[in-house]
Amino acid sequence: LLLWQQGRTAGAAAQPPTPAEASRSSTGAKSPGGGAESSGGGAKQPASGWRRALPDEVRQSAQWFDRPRTVEELLAAVPEGAAVWLSLSNSAFRDLAVNWAAHVYRLGKERSAAIAALDRNFVAALVAERLPCLELVHPLLERPAANLRSNVTGFRRFGAMKASLVLSFITRGRDVLLSDVDVVWIRDPEAVLRPLMEADVMSSTDCTSITADETYARGEREVGPARCAYMPGNRAGHAAFNTGVLYFRATTAAKAFAAAWRVRLLSVAEQDELHYVRTTEYVDDQYAFNLLLWHGFRNHPGGAVTSTRPRSRVISVVVDPKGSAGEANVQAAAEDARGARRTAFGWRSGWKQLVEGKVGVSRPGGAVGADEARPTSFAFAPLPARFFCSGHVYWVQQGGERRDCVAVHTTFTEGGDTGKVWRVRAGGGSVAR
């Protein structure tokens, strides 16, 4: 799984070029993809060892980037209706980030992709590797070697930057495929995502049972299995959504979701329309993402998860039941009415910021169109565990076999981030061969 490690072993003497060397070896031609780019055919390619693990045809046709891309340049490279591939990282996760990029190159997606670099050292490192990147340096995150989770305020800001970055593209008609750098992309997910495109937002899950994840076709369980209780018909049970892989479509409801996600992360204190205020507990981007779903996916008659159509795993999430049709029949978050009110307040606040242009997006005419009204719900798809494999599914249940995995996220791995790198290195030949 780790092309970076296999390439370094294959060409241990090879070193990444300096930015100056990369600049001299480039054609210097500016392409619609952004930055000064060159294809692998006529120009000297970067010398980093991991590239030797790429197939010859990939290496020869690839584009390499001599400076950071801009949002506008990436928009020019991706047509409306297509997806931008994004990840965010700082220097502490350089190995995993380069590995993420290596697999993106294997799939031929580098022209549509970028890693948002959060510190200057990491920007320089990615430019030296000639990888597609966006410069997203922030003072709170300017600690290159630090694990972002060790800074509670900074990590919350990191999550808000994710949401803002998503909004930069979905408000301009592009979908966004956002994944963590510890995700390994094995195959192009387009064929798997296509049947789910009625959803506004999609995410991977922490469901470790493929069988439980696929019971949506029958809808027979009122109490869902642990971590998997998001299937139609589930009235109880815990659902765990993982922000390791997210897909946002360029829809009105997806904009509302991303804006509400951002608002929740930037709130130092919570306040709802009843003026209830308390100090915020530890909230990261994944918890905030889950709150938006937990306080809405059972807001239906009978309190059960409800699909958008028969035999579909796409579900309806009613975040703001106030004003929606049939409000009297909606069981408004009986499990946590106060939390549901706070979530609905954040949903409305996020939309207000979109309308007023207070979010960090650039779009002619504003972040939302004059004909777009605030939605009260959105369609959501939990990504199939069979294809978007957790570390438990891939390494424990499948013994490191790819089988149907489109992507592998190194979750359920001991040893923290070091353990994740070890896990991926241990499977170094399983994809690169």
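Residues numbered from 1 in each chain as written. Predicted model: local features only at pLDDT ≥ 70, side-chain atom pairs only at ≥ 80, totals over all residues. Heavy atoms only, no water.

1. Looking at the overall build of the protein
Thinking step 1. From N to C terminus, the protein includes 15 helices and 15 strands.
Thinking step 2. Out of the 433 residues in the protein, the part that is buried amounts to 56%.
Thinking step 3. Restricting the contact set of the protein to residue pairs at least 6 apart, pairs at least 24 apart contribute 72%. (Helix = DSSP H or I, 4+ residues; strand = E, 2+ residues; numbered from the N terminus. Buried < 20%, exposed > 50% of the residue type's maximum accessible area, 1.4 Å probe, protein only. Contact = heavy atoms within 4.5 Å.)

2. Structural notes on the packing of helix α7 (residues 152–170) against helix α10 (residues 252–266)
The relative placement of two packed helices comes down to the angle between their axes together with the axis-to-axis distance.
Thinking step 1. In contact at an axis separation of 8 Å, α7 and α10 are set at 160° when each is read in the N-to-C sense. The angle between the axes of α7 and α10 places the two elements in the roughly antiparallel class. As α7 runs across α10, the sense of the crossing is left-handed. Seen from α7, the contacting residues are Arg156, Arg157, Gly159, Ala160, Lys162, Ala163, Ser164, Val166, Leu167 and Ile170; seen from α10, they are Ala254, Lys255, Ala258, Ala259, Trp261, Arg262, Leu265 and Leu266.
Thinking step 2. By residue class, the composition of the contact of α7 with α10 is eleven nonpolar, two polar and five charged. (Axes fitted to C-alpha atoms, helices over the stretch in contact; angles between N-to-C directions. Parallel < 35°, antiparallel > 145°, perpendicular 65-115°, else oblique. Left-handed = near helix turned anticlockwise from the far one by under 90°. Nonpolar A, V, L, I, M, F, W, Y, C, P; charged D, E, K, R; others polar.)

3. Some words on the state of the cysteines
Cysteine pairs can be covalently joined through their sulfur atoms, and such a bond is termed a disulfide.
Thinking step 1. According to the stated counting rule, one finds two disulfides in the structure shown.
Thinking step 2. Covalent S-S linkage joins Cys207 and Cys228, the inter-sulfur distance amounting to 2.1 Å. Around the S-S axis, the bridge from Cys207 to Cys228 shows a dihedral of about 95° and counts as right-handed. Taken as a pair, Cys207 in the loop between β8 (201–205) and α9 (210–213) and Cys228 in the loop between α9 and β9 (241–248) lie far apart in primary sequence, 21 residues in all.
Thinking step 3. Residue Cys207 is classed as buried on the basis of its relative accessible area, which comes to 1%.
Thinking step 4. In this structure Cys228 comes out as buried when scored by relative accessible area, which is 2%.
Thinking step 5. Covalent S-S linkage joins Cys389 and Cys405, the inter-sulfur distance amounting to 2.0 Å. Because the sign of the S-S torsion sets the handedness, a value of about -100° for the bond joining Cys389 and Cys405 places this disulfide among the left-handed ones. (Disulfide = S-S within 2.5 Å.)

4. Focus: the confidence of the model for the protein
Thinking step 1. Confidence in the prediction for the protein averages 81 pLDDT; 75% of positions are at 70 or higher.
Thinking step 2. For the stretch residues 4–33, pLDDT sits under 50, and the model shows 61 contacts to residues farther than four places along the chain or on other chains.
Thinking step 3. This model gives residues 323–335 a pLDDT under 50, and the stretch forms 21 contacts once residues within four places in sequence are excluded. (pLDDT = per-residue confidence, 0-100.)

5. Notes on unusual backbone geometry
Thinking step 1. At Arg227, a residue that is not glycine, the phi angle is positive and equals roughly 75°.
Thinking step 2. Looking at where Arg227 falls in the secondary structure, it is placed in the loop between α9 and β9.
Thinking step 3. Residue Arg227 is classed as partly exposed on the basis of its relative accessible area of 33%.
Thinking step 4. Despite not being glycine, Arg403 shows a phi value in the positive range, around 45°.

6. Quick notes on the pairing of β8
One face of the sheet, then the other: side chains in a regular strand alternate in exactly this way.
Thinking step 1. In terms of residue burial, β8 counts as a mostly covered element, since five of its five residues are buried.
Thinking step 2. As judged from the five bridges shared by β8 and β9, these two strands associate in the antiparallel manner. If you follow Thr205 over to β9, its bridge partner there is Phe241. (Pairing = 2+ DSSP bridges.)

7. A short note on the packing of aromatic side chains
Thinking step 1. If you walk through the whole model with that rule in mind, you get 18 aromatic pairs.
Thinking step 2. Here Trp50 and Trp64 contribute two aromatic rings whose centre-to-centre distance is 6.4 Å and whose plane-to-plane angle is 65°, an arrangement assigned as edge-to-face. Of the two residues, Trp50 is situated in the loop between β1 (37–39) and α3 (56–61) and Trp64 in strand β2 (residues 63–65); the sequence distance between them amounts to 14 residues. The same class applies to Trp50 and to Trp64, which are both buried.
Thinking step 3. Here Phe248 and Phe257 contribute two aromatic rings whose centre-to-centre distance is 6.1 Å and whose plane-to-plane angle is 55°, an arrangement assigned as tilted. Accessibility assignment for this pair places Phe248 and Phe257 in one class, buried.
Thinking step 4. Through pairs of rings, three or more aromatic residues link up here, namely Tyr230, Phe241, Phe248, Phe257, Trp261, Phe289, Phe297, Trp347, Phe378 and Phe380. (Phe/Tyr/Trp six-rings, centres within 6.5 Å; stacked < 30°, edge-to-face > 60°.)

8. A short note on the pairing of strand β4 (residues 113–117)
Thinking step 1. By the criterion of burial, β4 is predominantly enclosed, with five of the five residues buried.
Thinking step 2. Of the pairings in the sheet, the one linking strand β3 (residues 83–89) to β4 comprises five bridges and is parallel in character. Residue Ser87 lies in a different strand from β4, and its bridge partner there is Ile115.
Thinking step 3. In the classification by handedness, the crossover that spans β3, the intervening helix α5 (residues 94–106) and the parallel β4 is right-handed. (Right-handed = clockwise from strand over helix to strand, strands pointing away.)

9. Here's the deal with the nonpolar core
Thinking step 1. In terms of nonpolar packing, the biggest core is built from 60 residues, with Leu86, Phe248, Phe257, Trp261, Phe289, Phe378 and Phe380 touching the most fellow members.
Thinking step 2. In terms of residue count, the dominant contributor to this core is α7 (ten residues).
Thinking step 3. Once residues lying within four places of it in the same chain are set aside, the contact partners of Leu86 are Leu74, Trp100, Ala114, Leu134, Leu165, Phe169, Val176, Leu177, Leu178 and Ser179.
Thinking step 4. By size, the runner-up hydrophobic cluster in this structure holds 46 residues, among which are Trp64, Leu193, Met202 and Ala381. (Core = buried A, V, L, I, M, F, W, Y, C linked by side-chain atoms within 4.5 Å.)

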